[in-house]
Amino acid sequence: STQSTGDKVPFAGAQIGQSFRNEISPRSGLLRVREFCQAEIEHFLDPQDKSHPKFKLVKTVPVTMYSADAQVSGGKLLKISIGEALEQGVINSETMGYFLARIQQYLTSVGIPADKLRFRQHMGNEMAHYACDCWDAECLTTYGWVEIVGCADRSCYDLNAHAKAASTKFVAQQRLAEPVSREVTEVTLNKAVLGKAFKKEAGKVSAAIAELSDEQKEEMKSQLESGSYQLTVGDNSYEITPAMISGVRTVTKTEHVREFVPSVIEPSFGIGRILYCILECNFKVRESDEKRTWLDLPPLIAPTKCSVLPLSSNDVFTPYIEQISASLRKLGIPNKVDDSSGAIGRRYARTDEIGIPFGITVDFDTVKLNSVTVRERNTCTQIRVPLDEVAVVVNQLCSDQLTWSEASSKYPSFSSQETI
């Protein structure tokens, strides 16, 4: 239904849930399983107008594309902007380009490097018979290139199939700027004769006659003048005689509204595969110490955004720890207090292993100067921030309002030992 959009297209729906398939040999961890989490968007649009109002916002997004032609000819990957891909005919519509660009932005924002991503177009021998175009977002992993998102232009196939099964029209309407007159062929049925001949199947036969194209109706008229007409409905054939048809005539109709079956473009995300690729791409080892591993999760998706650590178990730090943790929670920043025993470097290493991007340390200068240190996981560098500003600074860092280099320029750096 288009009621929520004022009977206008495009309109869309999104859903997420469990999907199932008959996977003969599950393997490769989360990559080949029988049950998996899938999220998808069904974006319905006018098949005669596949433009997108927000395409201009993403046309400069760079992507790596592997077209069907390049695969057949052994060509190379094409590094190109989405706007250029549309201009050169690599993709077939603005709406397809818009979703490919948004998929690229999403995957890079959750931690998959752009140099490990490509969009591969389905070749003719793997393209679904009803699809106009189809691209897979693939990530380069230790298993090779793995499909993690699919984006298909499924044309009008889905709604036509539903309409046929439900015997209901699934159409959208567009009010025309000017009325349009056109000639159509109408068939008037003799329902009494038709009902007597086909009994309970008369309704199905009547509906099939109504769905005939104008050319097929004219052909039926011609055949009935000299005999009968064979009507095929599914696997069955029905003989239509002249007595069943009262008349076939051409009339002029004036239309103020255009009815059409919407096409659908469907981006589909394999959540388990995306999660696997995030973990594989972001598991790293410190160059200075091979025993120290860390998870380079972007702050956007890190379950815990910040750790709060007292330098030691001294009770004087407790009020500051509680104050900082409360300030972070107030801003909606998930945080973890680690007041366990052990060297501060060892505790930093523990937070790095689970992907916490920032760490706040309360030390004796906090008591004297009312400031704390903020540590960034990737570079292991630290800055000194006033106590009353630290929650806001961490919030800005986690929401991409402030980069680490900008924070380092604004606040003084701090050096400390990270030995374990």
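Positions within a chain are numbered from 1, following the residues in the order the chain's sequence is written. pLDDT decides what is reported in this predicted model: residues at 70 or higher carry local features, side-chain atom pairs at 80 or more are listed and counted, and totals for whole chains, interfaces and linings draw on all residues regardless. With hydrogens and water set aside, each side-chain value is computed from the structure's full complement of heavy atoms.

1. Things to note about the overall build of the chain
Helical segments are the DSSP runs of H or I of at least four residues, strand segments are the runs of E of at least two, and each set is numbered from the N terminus. Assigned secondary structure in the chain consists of 14 helices and 20 strands. Relative to the 2.2 N^0.38 estimate, which gives 22 Å for 420 residues, the radius of gyration of the chain is 32 Å and therefore markedly larger than a compact globule would have. Along the three orthogonal principal directions, the C-alpha set of the chain runs to about 105 × 45 × 45 Å. Three exposure classes are used, based on accessible area relative to the maximum for each residue type with a 1.4 Å probe and protein chains only: buried under 20%, partly exposed in between, and exposed over 50%. Counting all 420 residues of the chain, 43% fall into the buried class. Note on definitions: a residue-residue contact is assigned when non-hydrogen atoms from the two residues lie within 4.5 Å. Sequence separation of at least 24 residues holds for 65% of the intrachain contacts in the chain that already meet a minimum separation of 6. A total of about 23,200 Å² of accessible surface is found on the chain, and carbon and sulfur atoms cover 51% of it. All radius of gyration figures rest on C-alpha atoms, and the globule criterion is 2.2 Å times the number of residues raised to 0.38. Accessibility throughout is a Shrake-Rupley quantity obtained with a 1.4 Å probe, and a residue counts as covered only by protein chains that appear here.

2. Things to note about the sheet that holds strand 18 (residues 371–376)
On the basis of which strands lie adjacent, the open sheet formed by six strands has the order 16-15-17-18-19-20 and mixed pairing. Each end of this open sheet is capped by a strand with a single partner; those strands are strand 16 (335–337) and strand 20 (413–414). When DSSP finds at least two bridges between two strands, those strands are taken to pair. As judged from the five bridges shared by strand 18 and strand 19 (residues 382–386), these two strands associate in the antiparallel manner. Residue pairing across strands places threonine 373 opposite arginine 384, the latter belonging to strand 19. Where helix 10 (residues 318–330) meets the sheet, its contacts fall on strand 15 (306–310), strand 16, strand 17 (358–362) and strand 18, and the angle it forms with strand 15 comes to roughly 170 degrees. Axis lines are fitted to C-alpha atoms, over the contacting stretch for helices. Their N-to-C directions set the angle, which ranges from 0 to 180 degrees.

3. Topic: the pattern of salt bridges
A side-chain nitrogen of Lys or Arg and a carboxyl oxygen of Asp or Glu constitute a salt bridge if their distance falls within 4 Å. Inspection of every chain in the model, using the stated rule, returns 16 salt bridges. Close ionic contact of arginine 249 with glutamate 186 constitutes a salt bridge, the shortest N to O distance being 3.7 Å. Pair noted here: arginine 249 is in strand 11 (residues 245–260) and glutamate 186 is in strand 8 (residues 172–189), with a separation of 63 residues, a long-range link. Residue arginine 249 is classed as exposed on the basis of its relative accessible area, which comes to 52%. Residue glutamate 186 is classed as partly exposed on the basis of its relative accessible area, which comes to 26%. Between arginine 375 and aspartate 352 there is a salt bridge whose closest N-O contact spans 3.0 Å. Of the two residues, arginine 375 is situated in strand 18 and aspartate 352 in helix 11 (residues 344–353); the sequence distance between them amounts to 23 residues. A single burial state applies to arginine 375 and to aspartate 352, both of which are buried. A single salt-bridge network, built from bridges that share partners, covers Arg118, Arg120, Glu126, Asp136 and Glu138.

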